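Survey of secondary and tertiary structure
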Amino acid sequence: MNHKSLSFYLSLILLFQCIYAGVFAQSASIQNVQGRSNLSLNGRWNYIVDPYENGYYDYRHTPYDQSASGKGGFYDDKKQENKSELIEYNFDLSPTLKVPGDWNSQVANLELYEGTVWYRRKFEIAPKADKKYFLYFAAVNYEAHVYLNGKKLGIHKGGFTPFQFDVTSKLKQGENVVVVKVDNTRKQDEIPTVNTDWWNYGGITRDVFLTELPAAHIADYKVQLAKGNANKIEGFVQVSGSQLTQNITVFIPEAGIKTSVTTDVSGKAVIDIPVKNISYWSPENPKLYKVQLTSETDTLNDLIGFRTIETKGQDILVNGKSVFLRGISLHDENPLLPGRLRSTGDMRMMLQWAKELGCNYVRLAHYPHNEEMMRLADEMGLFVWAEVPVYWTISWENKDTYTNASKQLTDLIERDKNRASVIVWSIGNETPLSEPRLNFMSNLAATVKATDNTRLVSAALEVHRKGYEVVVDDVLGEKLDLVSFNEYAGWYWGGLPKEMLKYHFNIKYNKPVVITEFGADALGGFHADEETKFSEEYQESLYKYQIQFLQTIKGLRGMTPWILADFRSPRRQHPVYQNFWNRKGLISETGKKKKAFYTLQQFYNNMQQQYKP
Ligand code: GCU
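Residues numbered from 1 in each chain as written. Predicted model: local features only at pLDDT ≥ 70, side-chain atom pairs only at ≥ 80, totals over all residues. Heavy atoms only, no water.

**Topic: the overall build of the protein chain**
Along the backbone of the protein chain there are 7 helices and 33 strands. Computed over the C-alpha atoms, the radius of gyration of the protein chain is 25 Å, within 12% of the 25 Å expected from 2.2 N^0.38 for a compact globule of 613 residues. When burial is assessed residue by residue, the protein chain has 58% of its 613 residues classed as buried. Taking the intrachain contacts of the protein chain between residues at least 6 apart in sequence as the baseline, contacts between residues at least 24 apart amount to 71%. When the accessible surface of the protein chain is split by element, carbon and sulfur atoms take 52% of a total near 24,500 Å². Counting 71 positive and 70 negative side-chain charges, the protein chain places the centres of these two groups 3 Å from one another. (Helix = DSSP H or I, 4+ residues; strand = E, 2+ residues; numbered from the N terminus. Rg over C-alpha atoms; globule rule 2.2 N^0.38 Å. Buried < 20%, exposed > 50% of the residue type's maximum accessible area, 1.4 Å probe, protein only. Contact = heavy atoms within 4.5 Å. Areas by Shrake-Rupley, 256 points an atom, 1.4 Å probe, with all protein chains shown as cover. Lys, Arg positive; Asp, Glu negative; His and termini not counted. Charge placed at Lys NZ, Arg CZ, Asp CG, Glu CD.)

Okay, structure coming up:
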């Protein structure tokens, strides 16, 4: 190959790299997007089901949006100009789906659908010259290709974290059209991978906003107590857009704080504020302060709680006091209205049930839940274990898989870094032991510490049994602040619940132990003796024995039994007891509290008496 053709091919490679980078490039997510000036794009979107991705690939399987004309895909929402023109799709004449919301629970024949659905929404806007505009998605499961007025904005992968595109220069005066290709197909190298014990709800499952911001605006900030220092607020304020060097005022009126900082040439200012006589946040005292950040061009408010969290030997200290985490696990699913939690009302109901159970803590499994859940936990007084879906048999040796997991983890941390309720970042669940897995998970643990050293890092570790010994010596435990694991004595192993007391724990680490799961299935309303699986009595018996069993663990500092409410799962096919429902809920899908609910409630209420702050 002569040098001319070589330089031609090198420039082609460079061109494709720029296209690829451009297509994936998005601005970092806006902090506290709900607190900005938003045009909500929630509501009804027209949709087209496209199992063969006919709206994306031509018949030679070339993507339309990478073809020379860039025309032909469903994203250009062409109108039929004359009757002889052949167009084989039409959004205007297509049905609609509610956004936010998954498609599985809205349309009967999409209940098990995995593939592509195209969404289209029109909106009117009169863009202002001195403003910037961002198209913001709180979550789309799983892969989203986003187009505005027929032009591709980019791609996002990951079903539970926010993303946005700067559309300032792409909006038209008047009517604009946004089209999103959503594909929830499971793939081995993705996060999560192909095998999960939860329903693969596809769609635009959380809010969509067109966010209007000043040309120079406060894009991001962290305002929290310094690690291990109850007398200092530290963090940063980040200005983006034009005019990066600005004077910023941090105003927390109820704490008697008003201080100014100046951003540097990159738009960033570090904050470091001494505090005294503030009311520290805790579940018993979920005190939130109004925090107002004002720059020369922007103002925004947030509600922020201040608390410290640390471990000391086998204890967990919040604001310097020992706590026991009286928890329960939750999926992002409303049992009464099948599908993803759609509204604040849905979320408040779930957390109210947790409070009624006597909880001060929830494990939001196994993926980032809605940002609104964290804000409600702040308000209602519940600690939160937040998690990324690094679940089971991940492709540990695939670099793109690690990049994906790490991005979902840092997106979660960046989104919720100002939420006092969040005390644990979990990097995964029940990941099988191997050297590649240890490297992958150790790097994620290091990423947590590098991104946010003010909170704890953990994961549901692997457990194994040697005779009657339940052994927890997963080497990943060395990288974590808590020893957490799932333990299903009396259900998946160990015979009947009454037999579990023959076993004992051998836990290698001198760290606080927080049990991430135990439980049993029970079909709400099915009653039998306590040795009949799937009966409420069996589940009740298991809870009674588990509560005894777990209290034999020295250093037990919390638990989140599996799970608050029955949830949909494609792995639970028993035609009488399950019907695609995992029945380990303490509450059935009709909202009925099972007998075990009261067993756990009594244990937590008794404990609360012991631990009166
Ligand atoms: C596992 C897993 C859960 C699952 C549960 C069960 O430990 O972490 O996601 O639903 O057990 O088997 O019900």
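Picking up after the structure, the text goes on.
**Describing the domain arrangement of the protein chain**
Domain annotation for the protein chain reports domain 1 (6-214), domain 2 (216-306) and domain 3 (311-610). Taking the mean C-alpha position of each, domain 2 and domain 3 sit 32 Å from one another. Counting from both sides, the interface comprises 19 residues of domain 2 and, opposite them, 22 residues of domain 3. Where domain 2 abuts domain 3, roughly 1,500 Å² becomes buried across the two surfaces, and 50% of that area is made up of carbon and sulfur atoms. By the criterion of area lost to domain 3, the three top residues of domain 2 are Lys222, Trp281 and Pro283, representing 38% of everything that side buries. Between aspartate 302 and arginine 419 there is a salt bridge, and its shortest N-O distance comes to 3.2 Å. For the pair domain 2 and domain 3, the interface holds 12 residue pairs in polar contact (both at pLDDT 80 or more). (Domains from an automatic or database assignment. Buried area = accessible area lost by both parts, 1.4 Å probe. Salt bridge = Lys/Arg side-chain N within 4 Å of Asp/Glu carboxyl O. Polar contact = N/O pair within 3.5 Å; in protein donor to acceptor, adjacent residues only side chain to side chain.)

**Re the pattern of salt bridges**
With the rule as written, the count across this model stands at 44 salt bridges. Put simply, arginine 568 and glutamate 111 hold a salt bridge, and the shortest N to O gap is 2.8 Å. Linking arginine 568 in strand 32 (residues 567-568) with glutamate 111 in the loop between strand 3 (96-99) and strand 4 (116-125), this pair joins segments that are 457 residues apart in sequence. What makes glutamate 111 partly exposed here is its relative accessible area of 32%. Connected via shared salt-bridge partners are Asp302, Glu371, Arg375, Asp378 and Arg419.

**Observations concerning the site of the ligand**
Around the ligand sit 14 residues in total, of which Asp197, His366, Glu430, Tyr492 and Lys584 are the nearest. The separation between an oxygen atom of the ligand and a polar side-chain atom of tyrosine 492 is 2.5 Å. One of the side-chain N or O atoms of asparagine 582 is found 2.9 Å from an oxygen atom in the ligand. Expressed as a share of its isolated accessible area of 320 Å², the protein-covered part of the ligand is 96%. Of the residues in the shell around the ligand, the class split is 5 nonpolar, 4 polar and 5 charged. (Near = heavy atom within 4 Å. Nonpolar A, V, L, I, M, F, W, Y, C, P; charged D, E, K, R; others polar.)

**Examining the nonpolar core**
If you look at soluble globular proteins, the nonpolar side chains tend to sit buried side by side. Grouped together as the largest cluster of nonpolar side chains are 86 residues, with contacts concentrated most on Ile328, Val390 and Ile427. The residues touching isoleucine 427, leaving out its near neighbours within four places in the chain, are Val388, Val390, Leu409, Met441, Leu444, Ala445, Val448, Val457, Ser458, Ala459 and Leu480. (Core = buried A, V, L, I, M, F, W, Y, C linked by side-chain atoms within 4.5 Å.)

**Brief notes about helix 7 (residues 595-610)**
Along its 16 residues, helix 7 runs 24 Å from first to last C-alpha, staying within 8% of the 22 Å computed at 1.5 Å per residue. Taken as a whole, helix 7 has its buried residues at Ala596, Phe597, Thr599, Leu600, Gln601, Phe603, Tyr604 and Met607. (Expected span 1.5 Å × (residues − 1).)

**Section: the sheet that holds strand 28 (residues 483-486)**
Within a sheet, each strand pairs with its neighbour through backbone hydrogen bonds, oriented either parallel or antiparallel. What the 8 strands build is a closed barrel, ordered 21-22-23-24-25-28-30-31; its pairing is parallel. Averaged over neighbouring strand pairs, the angle between their axes works out to 25° when direction is ignored. In terms of strand pairing, strand 24 (residues 422-429) meets strand 25 (residues 456-461) through 4 bridges, oriented parallel. For asparagine 429, the partnering residue across the bridge sits in strand 25 and is alanine 460. (Pairing = 2+ DSSP bridges. Axes fitted to C-alpha atoms, helices over the stretch in contact; angles between N-to-C directions.)

**Considering helix 4 (residues 399-416)**
The end-to-end C-alpha distance of helix 4, which contains 18 residues, comes to 26 Å, matching closely the 26 Å that a straight helix rising 1.5 Å per residue would cover. All of the buried residues along helix 4 are Thr401, Asn404, Ala405, Ser406, Gln408, Leu409, Thr410, Asp411, Leu412, Ile413, Arg415 and Asp416. Along its buried surface, helix 4 packs onto strand 7 (151-157), helix 3 (371-380), strand 23 (383-387), strand 24 and helix 5 (435-451). The opening residue of helix 4 is asparagine 398, an N-cap whose side-chain oxygen sits 2.8 Å from the backbone nitrogen of aspartate 400.

**Quick word on the packing of aromatic side chains**
Evaluated as defined, the whole model comprises 33 aromatic pairs. On the basis of an interplanar angle of 10° and a centroid distance of 4.5 Å, the ring pair of phenylalanine 534 and tyrosine 577 is categorised as stacked. Remark: tyrosine 577 occurs in the loop between strand 32 and strand 33 (581-582) and phenylalanine 534 occurs in the loop between strand 30 (513-517) and helix 6 (536-550); sequence separation between them is 43 residues. The buried category is assigned to tyrosine 577, whose relative accessible area is 19%. Through a chain of ring-to-ring contacts, three or more aromatic side chains come together here, namely Phe74, Tyr75, Tyr89, Phe91, Trp118 and Tyr147. (Phe/Tyr/Trp six-rings, centres within 6.5 Å; stacked < 30°, edge-to-face > 60°.)

**A short note on the side chain of serine 406**
On the secondary structure map, serine 406 appears in helix 4. Excluding residues that lie within four positions of it along the chain, serine 406 makes contacts with Leu444 and Thr447.

**A closer look at the sheet that holds strand 15 (residues 268-274)**
Pairing is antiparallel in the open sheet, where 3 strands are placed in the order 11-12-15. The strands lining the two open edges of the sheet, one partner per strand, are strand 11 (216-226) and strand 15. Adjacent strand axes in the sheet meet at a mean angle of 15°, parallel and antiparallel pairs treated alike. Sheet analysis places strand 11 next to strand 12 (residues 229-241), joined by 10 bridges and oriented antiparallel. In the sheet register, tyrosine 221 faces strand 12, and the bridge partner there is valine 237.

**Looking at the packing of helix 2 (residues 344-356) against helix 3**
Remark: helix 2 packs on helix 3, axes separated minimally by 10 Å, with the N-to-C direction vectors making an angle of 45°. On the basis of the axis angle, helix 2 is oblique to helix 3. Crossing of helix 2 over helix 3 shows right-handed handedness. On helix 3, the residues that touch Thr344, Met347, Arg348, Leu351, Gln352 and Lys355 of helix 2 are Glu372, Met373, Leu376, Ala377, Glu379 and Met380. For the contact of helix 2 with helix 3, the residue count by class is 6 nonpolar, 2 polar and 4 charged. (Parallel < 35°, antiparallel > 145°, perpendicular 65-115°, else oblique. Left-handed = near helix turned anticlockwise from the far one by under 90°.)

**Quick look at the environment of glycine 555**
Mapped onto the secondary structure, glycine 555 falls in the loop between helix 6 and strand 31 (556-559). Taking the C-alpha atoms as reference, glycine 555 lies 38 Å from isoleucine 252; in sequence the two are 303 residues apart.

**Some thoughts on the environment of leucine 382**
In this structure, leucine 382 sits in the loop between helix 3 and strand 23. Residue class for leucine 382 comes out buried when judged on its relative accessible area of 0%. Measuring from C-alpha to C-alpha, the distance between leucine 382 and aspartate 416 comes to 14 Å, with 34 residues separating the pair along the chain. Other than its neighbours up to four places away in sequence, leucine 382 contacts Trp281, Leu351, Lys355, Cys359, Asn360, Tyr361, Val362, Ala377 and Ser421.

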